[in-house]
Amino acid sequence: MTTTISRAAPRRTSLRPRVAPWAFLAPALALFTMFLVVPIGYAIYLSVMQLRSSGGAFGIRRQTFVGLDNYVASLTDPELVASLGRLGIFALISVPLTLGLALTFALLLDLPGVRLARFSRLAIFLPYAVPGVIGALLWGFLYLPRTSPATYLLQAVGLPSVDFLNGSWLYLSLSNIAVWAGVGFNMIVMYTALRSIPSELYEAAKIDGASEWQIAWRIKVPLLTPALVLTFLFSVIATLQAYGEPTTLRSMSNSISFNFFPLMKIYRDAFNLDNTSGAAAASVVLALGTLVISLGLLRLLQRRTFGEN
Amino acid sequence: MKRSTLFRAGALAVATSALLATAGCAGDAGGDSSGPVTLEYWGWAPGIADVVSVWNEQHPEIQVKVVEAAGADDMIAKLLAAQRAGEGPDLAQAEYQKLPNLVVSDVALDISQYADQFSGSFSEGALSLVTVGDGIYAVPQDTGPMIFMYRKDVFDQNGWAPPTTWDEYAALAEKVHTTLPGSYLGGYPDDASTMAAYAQPLGAEWWATEGDAWKVGIDEAPTQRVVTFWQKLVEQGVVDTTHFFTPEWGTMMNDGSLLSWTAGAWAPAAAFSVAPDTAGLWAAAKMPTWDGETGTGFMGGSSVMVTKNSAHPKEAVEFLTWLNASEEGTRGLIDAGLFPASSVGQSQLAGQPVPDLVSNQADFWDLAVDIAGNSAPFTWGPNVQVAFDAWSDGVKSATQTGAPYTDVLKAAQDAVVADLEKSGFTVQ
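1. Some remarks on the overall build of chain A
Right, so step 1: Each helix and strand counted, chain A has 13 helices and 2 strands in total.
Right, so step 2: For 309 residues, the compact-globule formula gives about 19 Å, and the C-alpha radius of gyration of chain A, at 26 Å, lies well above that figure.
Right, so step 3: With the C-alpha coordinates aligned to their principal axes, the bounding extent of chain A is approximately 75 × 65 × 30 Å.
Right, so step 4: With 309 residues in all, chain A has 42% of them scored as buried.

Right, dumping it as structure tokens:
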């Protein structure tokens, strides 16, 4: 096709297809380069450097090329591995709970004849609008034995108080905050997807004698699968980036260390310990891990869900 | 659509990590030599702006602009980032233990050549805190000689005297626990600066230099003795394990569940905001001793340094000398609630109103000045934060699991040595 055009008007049109697309792409490319390519490149550059003393007990430290030393240190760092383990426990509790509750609420709100639907939708969504740090602080005070209403109630009925921020309670308490903040957003995504299902399907099912339960389970959930996959991926990625809640609660709990979750460790290394290079290497590892997990999950689910792709 | 969203999310993760690691290279700031000089001063001490405005009125040729850039914890990260970008202040407040890091990071300027202006106003101990290697890198501002601050009303009711030795402290902790269930004599040192202050009188040397090499002595007899002492009290359940300045701790200080706090002389002023109901009920005494030794410890306090970016180091030191070592400047510091590091400043304390929490103890300042005179010297290293983080993380988890605190000490020692070696320093 291009050959025919260039033969017809060689000068004017041969340039146009070459320049025009780039001109249209330029703004996006410029932004992409400035805010993605350059920072990523810089992080990779930093990850192969290290501040090294120029000699003497108080020698000034300068950037020195160290090759893959930082990557070796990151990957063999027991603290990073342990933090990934803790993140795994947190994810196993919070992701299924968030999605399960969001699906339940979305299905309930989609029932015909449901009352106070708008109010309930808003009420469930509201925690998502609360800034993460404020949410974590609110929950922190609800957890602390001396300020918690739970302690008050438990003592009123003669039970011992519970230390929500230590021991095995800690993961439940952290997950609870994530679930509380995350259900609303996921519920809205699922609910919107539910509303786009043509109602003829329900009418047909009803004529066939299907109950609401059967409609939900046999029609709504299968048709909702794309939205479920999407929210699942978002939840997994958000969990890998968990940082705010444990950081806010750290000063309230003896069980949350500086390197409790991977991002907390990266932040600590970069800004408390001035080990930007180590933090950059760990960031690259974590980012690649996120990418691999996301692509893997997508490939796995895509074949079933988006067969037409 | 899903695929691109996904890619974007992945790319975003990379970008976020990249942003996390943003830092720049150092550059040189120019400055013109004519006209009035303006110095930017980063600090966190409350009320310092009032003191500085007095200076600004008297010195139109050297104007100082105070910027509350960050608190003590975030100051270093901000300074390093600014300095590497070729920006940042002329003057910055820095805790003593962070100075060596700022020296090896090429942020702090050696002001030895101007030091004659102020060195006579400070004790040798105070000057040693701002001396790194062969240079003087800051002017001391305030210090925290250790005091034992206790609830005098409760002590008097029960006929208890403030403990003079740590053995007495342990015995009293048990007594408090049995007499007043739910109350504790005090808390364990889960932060390393408290621990360092407890170990200093025993001659602990966490960092020391021998020629060009570092010697790390965190996991040695003096500090081992301190942590073993505290672990026993924690296991008996007679001391509290709440970290200070948490909401929980504030509640306990205010409602009488905590009967003492062993910390720097700034403690009464600092605790007032969380325990206002107990104003006047506290008194201060000397920190208990281990074996009756005379040297005491320091906790907290800070200095003000001149940065390498500053185009006017001479004027900067002139201002710092006024602020920290003149009668007028230090009176301002005292008004701002600081315990001045200079002898000039400490001589101004007599007759000053004492902090509200200890308002019934007229000789509070005399006591603090007396303790400050006996401070044991201490050297900080270039990677103090590594030790601090390792200790506070480790001791919390050891308290949960029952692991020996001495293991935590060893882990902190190993972490510090590994970090020094990674940074290219020689470790003995």
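2. Overview of the overall build of chain B
Right, so step 1: When its secondary structure is counted, chain B shows 18 helices and 12 strands.
Right, so step 2: For chain B, whose C-alpha radius of gyration is 23 Å, the value lies close to the compact-globule estimate of 22 Å for 428 residues.
Right, so step 3: Going through the 428 residues of chain B one by one, you find that 58% of them count as buried.
Right, so step 4: With an accessible surface of roughly 16200 Å², chain B has 51% of that area assigned to carbon and sulfur atoms.
Right, so step 5: One finds the centroid of the 20 positive side-chain charges in chain B at a distance of 9 Å from the centroid of its 52 negative side-chain charges.

3. Re the sheet that holds strand β8 (residues 213–216) of chain B
Residues and elements named next belong to chain B.
Right, so step 1: The 3 strands are arranged β7-β8-β12 in an open sheet whose pairing can be described as mixed. A strand with exactly one partner marks an edge of an open sheet, and here the two such strands are β7 (207–210) and β12 (426–427).
Right, so step 2: Relative to β8, β7 is paired through 4 bridges, and the arrangement is antiparallel. Directly across from E210, in β8, lies its bridge partner A213.
Right, so step 3: Together, β7, β8 and β12 form the strand contacts of helix α18 (residues 405–422), whose direction differs from that of β8 by roughly 170°.

4. Here's the deal with the packing of helix α8 (residues 169–195) of chain A against helix α10 (residues 212–240) of chain A
Residue and element names in this part refer to chain A.
Right, so step 1: Where α8 contacts α10, the axes come no closer than 9 Å and their chain directions differ by 150°. Between α8 and α10, the crossing angle belongs to the class labelled roughly antiparallel. Both α8 and α10 take part in a crossing whose hand is right-handed. Contacts from F185, N186, V189, M190, A193 and L194 of α8 reach α10 at K220, L224, A227, L228, L230, T231, F234 and S235.
Right, so step 2: Here the residues of the contact of α8 with α10 sort into 10 nonpolar, 3 polar and 1 charged.

5. Regarding the interface of chain B and chain A
Right, so step 1: Between chain B and chain A, the contact holds 54 residues from the first and 60 residues from the second.
Right, so step 2: Overall, the association of chain B and chain A removes approximately 4900 Å² of surface from exposure, summing both partners, and the carbon and sulfur fraction of that is 62%.
Right, so step 3: Our count for the chain B to chain A interface comes out at 3 salt bridges.
Right, so step 4: One salt bridge connects B:R84 with A:D274, and the closest N-O pair in it is separated by 2.9 Å.
Right, so step 5: Remark: the boundary between chain B and chain A carries 10 residue pairs in polar contact (both at pLDDT 80 or more).
Right, so step 6: Secondary-structure elements contributing two or more residues to the side of chain B that touches chain A are α1 (2–20), α3 (72–84), α4 (99–104), α11 (247–255) and α17 (384–401) of chain B.

6. Quick look at unusual backbone geometry
Right, so step 1: At A:L116, a residue that is not glycine, the phi angle is positive and equals roughly 55°.
Right, so step 2: In the Ramachandran plot, B:D106 falls in the positive-phi region, its phi being about 70° despite a non-glycine side chain.
Right, so step 3: Relative to the helices and strands, B:D106 is located in the loop between α4 and α5 (116–119).

7. Section: helix α9 (residues 192–199) of chain B
Right, so step 1: Across the 8 residues of α9(B), 8 count as buried, placing the element largely inside the fold.
Right, so step 2: Turning to α9(B), its buried residues are B:A192, B:S193, B:T194, B:M195, B:A196, B:A197, B:Y198 and B:A199.

8. Considering the nonpolar core
Right, so step 1: Among the nonpolar cores identified, the biggest contains 143 residues, and B:F118, B:W206, B:W230, B:F319 and B:W380 are the most heavily contacted of them.
Right, so step 2: Look past the residues within four positions of B:F118 in its chain and what remains in contact with it is B:I111, B:L127, B:I136, B:A138, B:V139, B:V317, B:T321 and B:A325.
Right, so step 3: One finds A:L165, A:A178, A:A242 and A:M264 within the second-largest nonpolar core, a separate group that totals 25 residues.

9. Side note on the packing of helix α9 (residues 199–207) of chain A against α10(A)
Residue and element names in this part refer to chain A.
Right, so step 1: Viewed as axis vectors pointing N to C, α9 and α10 meet at an angle of 145°, and their least axial separation amounts to 10 Å. Note that α9 runs across α10; the crossing there is right-handed. Taking contact as the criterion, the partners of L201, Y202, A205 and K206 in α9 are, on α10, E212, I215, I219, K220 and L223.
Right, so step 2: Within the contact of α9 with α10, the residues separate by chemical class into 6 nonpolar, no polar and 3 charged.

10. Quick notes on the side chain of B:T278
Right, so step 1: Here B:T278 shows up in the loop between α12 (267–271) and β10 (282–286).
Right, so step 2: Using a relative accessible area of 2% as the deciding quantity, one classes B:T278 as buried.

11. Some details on the confidence of the model for chain B
Residue and element names in this part refer to chain B.
Right, so step 1: Counting all residues, the mean pLDDT for chain B is 89, and 92% of those residues have values of 70 or more.
Right, so step 2: Below pLDDT 50 for its whole length, residues 1–32 participates in 55 contacts with residues either more than four positions away or in separate chains.
Right, so step 3: Taken together, the chains of this predicted complex give a pTM of 0.82 and an interface ipTM of 0.75.

12. Side note on the pairing of strand β9 (residues 260–264) of chain B
All names here are of chain B.
Right, so step 1: Counting buried positions along β9 yields 5 of 5 residues, so the element is predominantly enclosed.
Right, so step 2: Note: strand β6 (residues 139–151) against β9, 5 bridges, orientation antiparallel. Residue pairing across strands places F148 opposite T262, the latter belonging to β9.

13. Things to note about a nonpolar patch on the surface
Residue and element names in this part refer to chain A.
Right, so step 1: Residues W22, L25, L29, F32 and V37 make up a contiguous nonpolar surface patch of roughly 470 Å² in combined accessible area.
Right, so step 2: Along the chain, F32 turns up in helix α2 (residues 10–47).
Right, so step 3: Taking the relative accessible area as the measure of exposure, F32 reaches 38% and is therefore partly exposed.

14. Describing helix α14 (residues 327–335) of chain B
All names here are of chain B.
Right, so step 1: For α14, the complete set of buried residues consists of G329, T330, G332, L333 and I334.
Right, so step 2: Elements that come into contact with the buried residues of α14 comprise α2 (48–58), β6, α13 (313–325) and α15 (343–347).
Right, so step 3: One or two positions beyond α14, positive phi appears at G337, with a value near 90°.

Cut-offs used in this document
Residues numbered from 1 in each chain as written. Chains lettered and ligands numbered in written order. Predicted model: local features only at pLDDT ≥ 70, side-chain atom pairs only at ≥ 80, totals over all residues. Heavy atoms only, no water. Helix = DSSP H or I, 4+ residues; strand = E, 2+ residues; numbered from the N terminus. Rg over C-alpha atoms; globule rule 2.2 N^0.38 Å. Buried < 20%, exposed > 50% of the residue type's maximum accessible area, 1.4 Å probe, protein only. Areas by Shrake-Rupley, 256 points an atom, 1.4 Å probe, with all protein chains shown as cover. Lys, Arg positive; Asp, Glu negative; His and termini not counted. Charge placed at Lys NZ, Arg CZ, Asp CG, Glu CD. Pairing = 2+ DSSP bridges. Contact = heavy atoms within 4.5 Å. Axes fitted to C-alpha atoms, helices over the stretch in contact; angles between N-to-C directions. Parallel < 35°, antiparallel > 145°, perpendicular 65-115°, else oblique. Left-handed = near helix turned anticlockwise from the far one by under 90°. Nonpolar A, V, L, I, M, F, W, Y, C, P; charged D, E, K, R; others polar. Buried area = accessible area lost by both parts, 1.4 Å probe. Salt bridge = Lys/Arg side-chain N within 4 Å of Asp/Glu carboxyl O. Polar contact = N/O pair within 3.5 Å; in protein donor to acceptor, adjacent residues only side chain to side chain. Core = buried A, V, L, I, M, F, W, Y, C linked by side-chain atoms within 4.5 Å. pLDDT = per-residue confidence, 0-100. Patch = residues over 30% accessible without salt bridge, like charges linked within 9 Å, V, L, I, M, F, W, Y side chains within 5 Å.

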